[in-house]
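Listed here are the chains, written in short residue letters.
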Amino acid sequence: MNPTQARALQLHAQGLLQAPRRKPRRGDVVAAIERMRLLQIDSIHVVARSPYLVLHARLGDYPMAWLDESLADGRIAECWAHEACFVAARDLAEHRAWRERGSHWAQRHAERMHREHKPAMDALLARIRENGPVLASDFPREDRGVSGWWEWKPEKRWLEAWFALGDLMIPRRERFQRVYDLAERVLAGLDPPYAASELDTGQLRRHFILDSVRALGIAQARWIADYFRLKPAVTAQELAPLLAEGELLEVAVRGWDAPGYVHREHADALESARGSRLRATHTALLSPFDPLVWDRARALAMFDFDYRIECYVPAPKRHYGYYVLPILHRGALVGRLDAKAHRAEGVFEIKALFLEPGVEPSPRLASEVAAAIARTASWHGTPTVRLRRCRPAALGAMLRAGWK
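Caption draft 1: Structural context of the pattern of salt bridges. Across all of its chains, the model carries 26 salt bridges by this definition. As a salt-bridge pair, Glu 174 and Arg 172 come within 3.5 Å of each other at their nearest N and O atoms. You can call Arg 172 partly exposed: its relative accessible area is 33%. Notably, a salt bridge pairs Arg 185 with Asp 181, separated by 2.7 Å at the nearest N-O pair. Judged by relative accessible area, Asp 181 falls into the buried class, the value being 8%.

Here is the structure:
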């Protein structure tokens with residue numbers, strides 16, 4: 001198998017191989033999350049918040065409210081997975097069981113916080129049990145001039161700690177703010193109904209290894225643990241029994257120094273990829289927290305795309321910008337752009353756009369990238385696109401022509 005075929009298989013598994021062939025339906029939101037196995041949550045909103053943007057790349061022009069409604073209806077739930085994520089309700093039991101047996105950093109931090117603030121945290125939990133759900137904004141803060149997650153007021157930190165410990169869950173969000181309620185009440189409203197997992201620790205690790213490979217389409221052993229933050233790292237020796245049982249298939253990829261692994265459910269897609277029958281035709285803007293790119297080593301090996309999320313990097317050290325969106329075009333990551341949506345003015349500003357070295361700005365590339373940007377901008381409610389800077393400059397002229 002050659003690298004192009006391997007990329008097509010991964011894009012197929014992630015739902016990014018081809019553009020949607022029909023208008024999105026409400027159930028597609030949950031189906032996309034089930035396909036990816038999770039949807040990472042991030043609150044930065046210089047463009048659409050990450051979970052909405054990840055779905056847009058796969059579903060097209062869908063109403064963002066569908067994600068919120070899926071949570072409120074109990075078809076998805078929030079938990080710690082790769083990071084804080086939405087997962088399908090049917091998958092939640094394994095996540096809760098894994099966190100109960102594991103030592104995720106958020107859980108360790110929450111346990112320490114409870115030891116240090118036990119009376120106040122227990123009182124907060126008792127209040128919710130007696131009076132019902134709360135938002136962090138229900139609790140006034142004294143130091144009103146302070147902002148940022150590192151300066152959360154005590155009640156917010158305690159709510160998050162109870163969430164990490166599993167005692168609180170999120171039945172819904174209001175303007176993307178978490179509403180916190182007792183886990184037992186939230187679990188009672190899930191669809192399908194919640195039933196605790198009976199898997200032991202070893203079975204749970206096996207479950208998440210297989211889910212990681214299924215979500216990625218094809219993966220080297222060294223990439224598998226990151227998907228669900230498994231520890232220790234997954235090795236070829238650990239995967240050998242799964243190969244023997246037929247759960248995984250081993251694939252040689254030209255230029256790789258290690259074998260690739262494919263879930264048995266992708267056996268037909270693997271044969272199609274080997275025969276070059278999986279054709280990548282989709283062009284889309286990706287979130288910085290899209291599963292396709294969040295693992296820097298994997299993105300470099302799979303797509304020759306060196307990507308770093310620079311919103312957490314001090315401004316003087318950024319190479320490309322604050323919130324940089326990778327550009328997917330016909331099976332390749334061809335560039336990136338630093339964007340900001342000015343919603344009040346209806347303007348989608350591209351502060352800078354960069355093609356990758358060696359990518360030529362052909363008319364087809366320019367036309368399809370311009371169309372993808374226009375679709376994203378329109379979906380944001382910011383239909384006017386303004387491009388400030390472009391490298392190469394010739395591409396900028398071609399893009400602007402496409403938006404006239």
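Okay, back to it.
Caption draft 2: Structural detail: the packing of helix H5 (residues 92–101) against helix H10 (residues 201–216). It is the contact of H5 with H10, at a shortest axis distance of 10 Å, that shows an interaxial angle of 125 degrees. Between H5 and H10, the angle is such that the two are oblique. Crossing handedness for the pair H5 and H10: left-handed. Facing H5, whose interface residues are Glu 94, His 95, Ala 97, Trp 98 and Arg 101, H10 presents Thr 201, Leu 204, Arg 205, His 207 and Phe 208.

Caption draft 3: Here's a closer look at the packing of aromatic side chains. In the structure shown here, the tally under the stated rule is 10 aromatic pairs. On the numbers, 5.7 Å between centres and 20 degrees between planes, the contact of Phe 305 with Tyr 307 is stacked. Note on accessibility: Phe 305 and Tyr 307 belong to one class, buried. In this structure an aromatic cluster arises from ring pairing among Trp 98, Phe 208, Tyr 227, Phe 228 and Trp 294. Over the face of the ring belonging to Phe 163 we find Arg 178, whose NZ or CZ atom lies 4.3 Å from the ring centre. Of note, Arg 336 hangs over the ring of Tyr 320, and the distance from its end group to the ring centre comes to 4.2 Å.

Caption draft 4: Main features of unusual backbone geometry. Residue Pro 192 is reached from Asp 191 by a cis peptide bond, and omega for that bond is 5 degrees. Looking at the element boundaries, Pro 192 is found in the loop between helix H9 (183–187) and H10. Here Arg 391 and Pro 392 are connected by a cis peptide whose omega angle stands at 5 degrees. A positive phi angle is found at Phe 176, which is not glycine, with a value near 70 degrees. Along the chain, Phe 176 turns up in the loop between strand S5 (168–174) and strand S6 (177–182). One non-glycine residue, Arg 229, adopts positive backbone phi at about 55 degrees. Position of Arg 229 relative to the elements: it lies in the loop between helix H11 (221–227) and helix H12 (236–244).

Caption draft 5: Highlighting the pairing of S5. Summarising burial for S5: five of the seven residues are buried, a large majority. In sequence, S5 turns back onto S6 through a hairpin of two residues, with Arg 175 there showing a positive phi of about 50 degrees.

Caption draft 6: Just the sheet that holds S5, in detail. Spatial ordering of the open sheet is given by S4-S6-S5, a layout of three strands whose pairing is antiparallel. On the outer flanks of this sheet lie strand S4 (134–135) and S5, each paired with one strand and no other. For S4 and S6, the ladder comprises two bridges, and the chain directions are antiparallel. Looking at the pairing, Val 134 lines up with Tyr 180 of S6.

Caption draft 7: Broad picture of the layout of surface pockets. Roughly 460 Å³ of volume is contained in the second largest pocket. The wall of the second largest pocket is formed by 18 residues, among which Gly 15, Pro 20, Arg 35, Arg 58 and Leu 59 lie closest to the centre. At the level of secondary structure, the elements contributing two or more residues to the lining of the second largest pocket comprise helix H1 (3–14), helix H2 (27–36) and helix H3 (50–59). Ranked by residue count, the leading element in the lining of the second largest pocket is H2, at four residues. Its residues assigned to classes, the lining of the second largest pocket shows eight nonpolar, four polar and six charged.

Caption draft 8: View of empty space enclosed by the protein. Taken as a whole, this structure holds one cavity of 30 Å³ or more when the rule is applied. Approximately 30 Å³ is the volume found for the largest cavity. What lines the largest cavity is simply Trp 80, Arg 99, His 104, Ala 106, Gln 107 and Ala 164.

Reading guide: rules and limits
- Along each chain, residue indices are assigned from 1 in the same order as the chain's sequence is written.
- Confidence filtering applies because this is a predicted model: local features only for residues at pLDDT of at least 70, side-chain atom pairs given and counted only at 80 or more, and all residues used for totals across whole chains, interfaces and linings.
- Each side-chain value is worked out from all heavy atoms of the structure, with water and hydrogens disregarded.
- Each salt bridge in this description consists of a side-chain nitrogen of Lys or Arg and a carboxyl oxygen of Asp or Glu lying within 4 Å of one another.
- Type-normalised accessible area, obtained with a 1.4 Å probe on protein chains alone, sets the label of each residue: buried when under 20%, exposed when over 50%, and partly exposed for intermediate values.
- Helix axes are fitted only over the stretch in contact, all axes being lines through C-alpha atoms; the angle between N-to-C directions runs from 0 to 180 degrees.
- Note on conventions: DSSP H or I runs of at least 4 residues are helices, E runs of at least 2 residues are strands, and numbering of each starts at the N terminus.
- Working rule for angles: under 35 degrees goes down as roughly parallel, over 145 as roughly antiparallel, 65 to 115 as roughly perpendicular, anything else as oblique.
- With the far helix as reference, a near helix turned anticlockwise by less than a right angle produces a left-handed crossing, and one turned clockwise produces a right-handed crossing.
- The contact criterion used throughout is that any non-hydrogen atoms of two residues lie within 4.5 Å.
- What counts as a ring pair is set by centres within 6.5 Å for rings of Phe, Tyr and Trp (its six-membered ring), and what kind of pair is set by the plane angle: stacked under 30 degrees, edge-to-face over 60, tilted for all other angles.
- Counting as a charge over the ring demands two things of the Lys NZ or Arg CZ atom: a distance within 6 Å of the ring centre and an angle within 35 degrees of the ring normal.
- For two strands to pair, DSSP has to find at least two bridges joining them.
- Only protein atoms enter the 1 Å grid, on which a cavity is a set of points fitting a 1.4 Å probe that cannot get out and a pocket is an open set with protein on both sides within 12 Å along at least 5 of 7 lines, lining residues being those with an atom within 4 Å of a point.
- Grid points are joined across faces, edges and corners, and a volume is the space filled by probe spheres set on the points.
- All amino acids are sorted into three groups, where Ala, Val, Leu, Ile, Met, Phe, Trp, Tyr, Cys and Pro are nonpolar, Asp, Glu, Lys and Arg are charged, and the leftover types, Gly among them, are polar.

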